[in-house]
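Here are the chains, one letter per residue:
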Amino acid sequence: MRVELTVNGERLEADVWAGESLLYVLRERLGLPGSKNACEQGECGSCSVLLDGRLVCACLVLAAQADGHELVTVEGLAEDGELHPVQAAFAETGAVQCGFCTPGFVVATADLLARSPNPSEDEIREALSGNLCRCTGYAKIFDAVRLAAGS
Amino acid sequence: MQVLTPRSLAEALRLKAEHPGSVPIQGGTDVMVELNFDRARPETLLNLNEVRELRGWSRDNGSIRLGAGLTYTEGMEAPLAEALPALAEASRTVGGPQIRNRGTVGGNLGTASPAGDALPPLLIGDAVVELASVRGERSVPLPEFLTGPKRNALAADELIVAILVRPAAGPQTFMKVGPRNAMVISVVSLALTVDRDHDEVRAAFGSAGPVAGLVQAPLAELNGFPERVAAAASPIDDVRGSAVYRRKSLRVLTVRAVERCLQ
Ligand SMILES: Cc1cc2nc3c(=O)[nH]c(=O)nc-3n(C[C@H](O)[C@H](O)[C@H](O)COP(=O)(O)OP(=O)(O)OC[C@H]3O[C@@H](n4cnc5c(N)ncnc54)[C@H](O)[C@@H]3O)c2cc1C
Ligand code: FES
Ligand code: FES
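It should be emphasised that the depicted structure is a prediction, and the values quoted were computed from it without experimental measurement. (Residues numbered from 1 in each chain as written. Chains lettered and ligands numbered in written order. Predicted model: local features only at pLDDT ≥ 70, side-chain atom pairs only at ≥ 80, totals over all residues. Heavy atoms only, no water.)

A.B. asks: How do you make sense of the overall build of chain A when you look at a structure like this?
C.D. replies: Scanning chain A from terminus to terminus reveals five helices and five strands. In chain A, the succession of helices and strands from N to C terminus is β-β-α-β-β-β-α-α-α-α. Relative to a compact globule of 151 residues, whose C-alpha radius of gyration would be 15 Å, chain A shows 15 Å and is just as compact. Oriented by its inertia axes, the alpha-carbon framework of chain A measures out at about 45 × 30 × 25 Å. Out of the 151 residues belonging to chain A, those deemed buried represent 55%. (Helix = DSSP H or I, 4+ residues; strand = E, 2+ residues; numbered from the N terminus. Rg over C-alpha atoms; globule rule 2.2 N^0.38 Å. Buried < 20%, exposed > 50% of the residue type's maximum accessible area, 1.4 Å probe, protein only.)

A.B. asks: How should I be thinking about the interface of chain B and chain A in this particular structure?
C.D. replies: A common way to state how big an interface is: give the accessible area lost once the parts meet. Each partner contributes residues to the interface: chain B has 28 residues there, and chain A has 32 residues. Taken together, both faces of the contact between chain B and chain A bury some 2300 Å²; the carbon and sulfur share is 56%. For the interface between chain B and chain A, the tally reads one salt bridge. Between B:Arg100 and A:Glu126 there is a salt bridge, and its shortest N-O distance comes to 2.8 Å. At the junction of chain B with chain A, the criterion picks out 12 residue pairs in polar contact (both at pLDDT 80 or more). Those elements that provide at least two residues to the side of chain B that touches chain A are β1 (2-4), α2 (31-36), β3 (44-47) and α6 (97-102) of chain B. Looking at the side of chain B that touches chain A, the element that brings in the most residues is α6(B), giving six residues. (Contact = heavy atoms within 4.5 Å. Buried area = accessible area lost by both parts, 1.4 Å probe. Salt bridge = Lys/Arg side-chain N within 4 Å of Asp/Glu carboxyl O. Polar contact = N/O pair within 3.5 Å; in protein donor to acceptor, adjacent residues only side chain to side chain.)

A.B. asks: How do you make sense of the pairing of strand β10 (residues 159-165) of chain B when you look at a structure like this?
C.D. replies: Each regular strand displays side chains that alternate between the two surfaces of the sheet. Residues and elements named next belong to chain B. Burial analysis of β10 places seven of its seven residues in the buried class, the great majority of the element. Inspection of the sheet shows strand β5 (residues 63-67) paired to β10 by four bridges, in the antiparallel sense. By the bridge assignment, arginine 65 is partnered in β10 with leucine 164. In terms of strand pairing, strand β6 (residues 128-133) meets β10 through five bridges, oriented antiparallel. (Pairing = 2+ DSSP bridges.)

A.B. asks: Looking at this structure, I do not really get the confidence of the model for chain B. What am I missing?
C.D. replies: A low pLDDT means the predicted coordinates there should not be read in detail. Taken over all residues, the pLDDT of chain B has a mean of 97, while the share at 70 or more is 100%. Overall fold confidence (pTM) sits at 0.97, and the ipTM for the predicted complex is 0.97. (pLDDT = per-residue confidence, 0-100.)

A.B. asks: I'm lost on the sheet that holds strand β13 (residues 200-206) of chain B in this one. Help?
C.D. replies: Sheets are built from strands paired through backbone hydrogen bonds, the pairs being either parallel or antiparallel. Residues and elements named next belong to chain B. The four strands are arranged β11-β12-β13-β14 in an open sheet whose pairing can be described as antiparallel. In this open sheet, the two strands that pair with only one neighbour each are β11 (172-177) and β14 (213-218). Pairs of neighbouring strands in the sheet enclose a mean axial angle of 15°, with direction left out of account. Note that strand β12 (residues 188-195) and β13 share seven bridges and pair antiparallel. When the bridges of β13 are listed, aspartate 195 appears paired with glutamate 200. Against the sheet, helix α11 (residues 243-262) makes contact with β11, β12 and β13, and its axis sits at roughly 30° relative to β12, the strand it touches most. (Axes fitted to C-alpha atoms, helices over the stretch in contact; angles between N-to-C directions.)

A.B. asks: Teacher, can you tell me more about the nonpolar core here?
C.D. replies: One recurring pattern in soluble globular proteins is that nonpolar side chains are buried together. Counting residues in each nonpolar core, the largest one holds 82 residues, and the members touching the most others are A:Leu22, A:Leu26, B:Leu66, B:Leu109, B:Leu122, B:Leu142 and B:Phe145. At six residues, the largest contribution of residues to this core is made by β10(B). Once residues within four sequence positions are removed from consideration, A:Leu26 is found in contact with A:Val7, A:Gly31, A:Leu32, A:Ser35, A:Val49, A:Ala58, A:Leu71 and A:Thr73. Counting 26 residues, the second-largest nonpolar core is a separate cluster that includes A:Val106, A:Cys133, A:Ala144 and A:Val145. (Core = buried A, V, L, I, M, F, W, Y, C linked by side-chain atoms within 4.5 Å.)

A.B. asks: Just to check I follow, could you spell out the site of ligand 1 for this structure?
C.D. replies: All names here are of chain B. Residues in contact with ligand 1 amount to 35 residues; listed here are only the nearest, Pro24, Thr29, Asp30, Tyr72 and Thr104. Between ligand 1 and aspartate 30, the relevant distance is 2.7 Å, taken from an oxygen atom to a side-chain nitrogen or oxygen of the residue. At 3.2 Å, a backbone N or O of glycine 95 approaches an oxygen atom of ligand 1. Burial of ligand 1 by the protein chains amounts to 91% of its free accessible area of 980 Å². Looking at the shell around ligand 1, the elements with two or more residues in it are β2 (23-25), α7 (105-111) and β10. If you tally residues by element for the shell around ligand 1, the top one is α7, at four residues. For the shell around ligand 1, a count of residues per class yields 16 nonpolar, 15 polar and four charged. (Near = heavy atom within 4 Å. Areas by Shrake-Rupley, 256 points an atom, 1.4 Å probe, with all protein chains shown as cover. Nonpolar A, V, L, I, M, F, W, Y, C, P; charged D, E, K, R; others polar.)

A.B. asks: Any chance you could explain the sheet that holds β2(B) here in plain terms?
C.D. replies: Residues and elements named next belong to chain B. Pairing is parallel in the open sheet, where three strands are placed in the order β1-β3-β2. What marks the edges here is a single partner per strand, and that holds for β1 and β2. Taking the axes of each pair of neighbouring strands and ignoring which way they run, one obtains an average angle of 30° across the sheet. Bridge analysis of β2 against β3 gives three bridges, and the strand direction is parallel. If you follow isoleucine 25 over to β3, its bridge partner there is asparagine 47.

Laid out in structure tokens, this is it:
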């Protein structure tokens, strides 16, 4: 079947298998491998994207459910070659080790700061509770969020 | 495999009647896991995301009517959170933000897991499930809807349309035991309300029997109530906890929930 969706402001079409996830379509059919596939069961958040402005796991959205809808992926955050402030803050604080979780954390943080520009510590923890990192121990990720919030 | 995407409830019911084996998919937070791991390969998926009638909530003759497609995120927002505080508290404990933005109350009923976190708060609100098919509508009290672990009273041609629940008539709360504060399936859970309108305390537990269960008593019998809740459960040993631990936790949670409600 064919699905038509707006990804990072661009209208795209893809021929998909009915049982396919949005994550698979992004990575394998639309050439957007920024959203990572780690668990395919909603546990790790590495596939986080904004669907109609809401933070979701792309691995848990049926591709056909995104038909006619709007998507922002990690690829859509930078503007005119300038990193999004959240991306810049992650680089600045060294919140990236292997980097596999980073796109998901970046999208989740961008979503948090769009809703709450000066989040409390609790709010930050809550907002990132659906994202897992096996490397950093989270301290530098929280530093990055605070830095981005201040900028 | 095929996906059907109805644009109205009438169309959805017609398609469900034509494809009784089809699997409805709303938030997909249960269904997609099954698909991704190839544990299910249904002939037809019925995508309910575009059915407007299933969204949101309304006040209905003194009750609150929750659309089957109400998300946990919506359940946490005022003014609904004020009318149904235990459901709001339970919603806050579900998964992480990504899961709460997609997962729905109707999907929790569809899955009918004994650990479903929406179920205890709905049980203490005397929830009635509105089911519909091309044959007509019927209302089923939630305890009758939940027929067993991961089993419910839905007929093959039916969809869950809404859940009718009583707004809180007194303090209520929800508690969940698990290894972490987010992203956990409950080891045991409890919703409790001190309902002054009906001079009654009502509690419902999750993960402590084949289905989520409701226990009620007159307010005058508050003292023996924690024992009664623990006795009503029929927990099992599994990877998340032992039966003994679960029963004991239920007693402790009931004591704490009553304290919290009477504060
Ligand atoms: C990472 C993760 C964490 C989770 N954490 C929790 C948690 O803390 N607590 C908890 O309770 N659950 C949790 N879940 C499970 C899940 O999110 C919930 O059960 C949720 O309520 C399912 O809703 P949904 O809309 O996503 O359902 P879907 O996956 O779309 O559907 C679930 C079932 O309901 C049926 N269905 C859906 N809508 C209808 C309808 N209108 N009529 C008839 N049948 C219908 C479907 O066919 C399917 O059988 C978690 C899941 C994941 C992936
Ligand atoms: S890959 Fe989607 S949450 Fe892990
Ligand atoms: S940097 Fe490796 S998982 Fe987070």
